[in-house]
Amino acid sequence: MLFNSYPFILLFLPIVLAGYFWLGRRSNLTPVIWLALASLAFYAIGNWQFLPLLLISIAFNFGIGHLLIVAELKPLQRKAALAFGVIGDLVVLGIFKYAGFVTENINALAGTHHAVHILLPVGISFYTFTQIAFLVDAHRGQVAAYALPHYALFVTYFPHLIAGPILHHKDMIPQFEREKAKHPDPHLILCGTIIFAIGLFKKTCIADGIQPLVALAFEARSPSFDQAWLGALAYTFQLYFDFSGYSDMAIGISLMFGIFLPVNFNSPYKATSIVEFWRRWHMTLSQFLRDYLYIPLGGNRRGRVLRYVNLLVTMLLGGLWHGAAWTFVVWGALHGVYLCVNHAFNALVPAMPPMFSRPARVLGCVLTFLAVVIAWVFFRADSVAWALRVLHAMADPSIIVFGREEIAALVLVLIYAALVWLAPNTQAIMGYDHAGRRVGENLRAGRMRPLFLYGASLVLAFGILGIQSHSEFIYFRF
């Protein structure tokens, strides 16, 4: 089911909200069970064939976690249990996500013609990573003994299940256990509705309309210089508004239930370095890769050379996490190289004098953005060869069309750029503070009414009117 669909907005969400708060008057546990069942129903609509896999995954990881938390195992047994759990998760993920990719490469090397066609279960990357983090923390002794309904809801919670953010049990399960969250809070429902409206507007009125511009570069056999740049920039902004829209909608929906989701997106194109970019883009994935891959590999504790190796390995695997294709591997490798260059620059170049700090930040922002755009070409292209074709056109100013279509595209790209760099992001507008569990304090104090509410209503109306029949979020593919 899509957040940006009439059945979800007009039927599913109101029913689930009403049931959640009605049950909340009677018990602290039944709303959790209701929400977990609703989340499973949300997943099953359109993906029913993968529901058993999701349930088996939950049972498997809860069982291994319970063993690590409750059973009195010896250290070697605990390591064996953790390894069994993590390897089991990775094997399942590998079969469903990478079996076809591996077979294709074996065929290419050996000249064979084997074929593997396995449908990718929606959300498998997100709920697998979520549970691997749970198992690792359970092994470290950092997990309390959670009840099965709370754990099941933690994994399946529908605002995040399909495309993130990647949740952490320490953040979410205590919120599910709070009795206060089971009673409707008009302020949180209002703030959640406004944030949802902003996200819906980004998705339906901006991101979905950019696709024809993206085609200039990625669907033309021989794009010109201007077409290649306009298409690459259009995709850069399409992904931005699509992912940002989803992140806002997930936070907004969750707020209506009194649950604060982590911020996953913080104006990444305003970053002045690649290091900062990864602190702003898909923030929960970056934290997962840092805490459960980069640091266990050794992080920066074993010298500069191994630090760069660890960065490259982490980003390569991060790229492969996004999809089973060489384009994602190249995309991850590029960002690994970017990060190595960034860290080497910081280590070798002395601190900038204050009078040059502002120009340096502007230059850093421009260079970071260009590096990200080039990497997105691989992320979007159907093959590495196609990506190289687009990049070759971007580097060859000898062929320029710049007709009416390209001029119109340029105007739109400039508008998107202005929104990205000049407009505040949603959490700034709404004062969303995930750690402090606060949102909309200016709204609560009456300093933003009524003009702000009229504007939010207008945004919601445009967002609903802009809904298309079937417009998936880009991150659904991962």
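Before reading further, recall that the structure is shown in the block above.
Residues numbered from 1 in each chain as written. Predicted model: local features only at pLDDT ≥ 70, side-chain atom pairs only at ≥ 80, totals over all residues. Heavy atoms only, no water.

A. Expanded view of the layout of surface pockets. Size it by volume and the largest pocket reaches roughly 660 Å³. If you list the elements that add at least two residues to the lining of the largest pocket, you get α14 (326-348) and α15 (354-380). Take the lining of the largest pocket: its biggest share by element is eight residues, from α15. Looking at the lining of the largest pocket residue by residue, the classes come out as twelve nonpolar, seven polar and one charged. (1 Å grid on protein atoms, 1.4 Å probe; cavity = no way out; pocket = protein on both sides within 12 Å on 5 of 7 lines; lining within 4 Å. Points joined across faces, edges and corners; volume = space filled by probe spheres on them. Helix = DSSP H or I, 4+ residues; strand = E, 2+ residues; numbered from the N terminus. Nonpolar A, V, L, I, M, F, W, Y, C, P; charged D, E, K, R; others polar.)

B. Local environment of empty space enclosed by the protein. Evaluated as defined, the whole model comprises three cavities of 30 Å³ or more. Considering only enclosed or pocket space, the largest cavity measures out at about 50 Å³ in volume. Lining the largest cavity are F62, G65, H66, I69, F134, A144, A145, Y146 and Y151. Grouping the amino acids of the lining of the largest cavity by side-chain chemistry returns seven nonpolar, two polar and no charged.

C. The arrangement of the side chain of T130 in detail. With respect to the secondary-structure elements, T130 resides in helix α5 (residues 124-139). For T130, a relative accessible area of 0% translates into the label buried. At 2.8 Å, the side chain of T130 forms a polar contact with the backbone oxygen of F126. Dropping the residues within four chain positions of it, T130 is found in contact with F154, H160, I166 and L167. (Buried < 20%, exposed > 50% of the residue type's maximum accessible area, 1.4 Å probe, protein only. Polar contact = N/O pair within 3.5 Å; in protein donor to acceptor, adjacent residues only side chain to side chain. Contact = heavy atoms within 4.5 Å.)

D. Layout of the environment of L135. Looking at where L135 falls in the secondary structure, it is placed in helix α5. By relative accessible area, L135 is classed as buried at 0%. Distance from L135 to A81, taken between C-alpha atoms, is 9.3 Å for residues 54 residues apart in sequence. Excluding its chain neighbours within four sequence positions, the residues that come into contact with L135 are N61, I64, G65, L68, L82, G85, V86 and D89.

E. Quick look at the packing of helix α10 (residues 225-256) against helix α16 (residues 384-394). The N-to-C vectors of α10 and α16 enclose an angle of 120 degrees; their axes lie 7 Å apart at closest approach. Between α10 and α16, the angle falls in the class oblique. You can see that α10 and α16 cross each other, and the crossing is left-handed. Packed against α10, whose contacting residues are F225, A228, W229 and A232, the element α16 presents V390, A393 and M394 at the interface. Residue composition of the contact of α10 with α16, by class: seven nonpolar, no polar and no charged. (Axes fitted to C-alpha atoms, helices over the stretch in contact; angles between N-to-C directions. Parallel < 35°, antiparallel > 145°, perpendicular 65-115°, else oblique. Left-handed = near helix turned anticlockwise from the far one by under 90°.)

F. A look at unusual backbone geometry. Positive phi, close to 45 degrees, is recorded for S267, a residue that is not glycine. If you trace the backbone, S267 turns up in the loop between α10 and α11 (274-280). Exposure remark for S267: the relative accessible area of 3% places this residue in the buried category.

G. How the structure looks around the pattern of salt bridges. What the rule picks out here adds up to nine salt bridges. Here D208 and K203 are joined by a salt bridge, their closest N and O atoms 3.0 Å apart. When its relative accessible area of 1% is taken as the criterion, K203 is described as buried. Where E441 meets R444, a salt bridge forms, and the shortest distance between an N and an O atom there is 3.5 Å. Residue E441 and its partner R444 are located together in helix α19 (residues 441-444), separated by three residues, close to a single helical turn. It is possible to trace a salt-bridge network through shared partners that takes in K203, D208 and D242. (Salt bridge = Lys/Arg side-chain N within 4 Å of Asp/Glu carboxyl O.)

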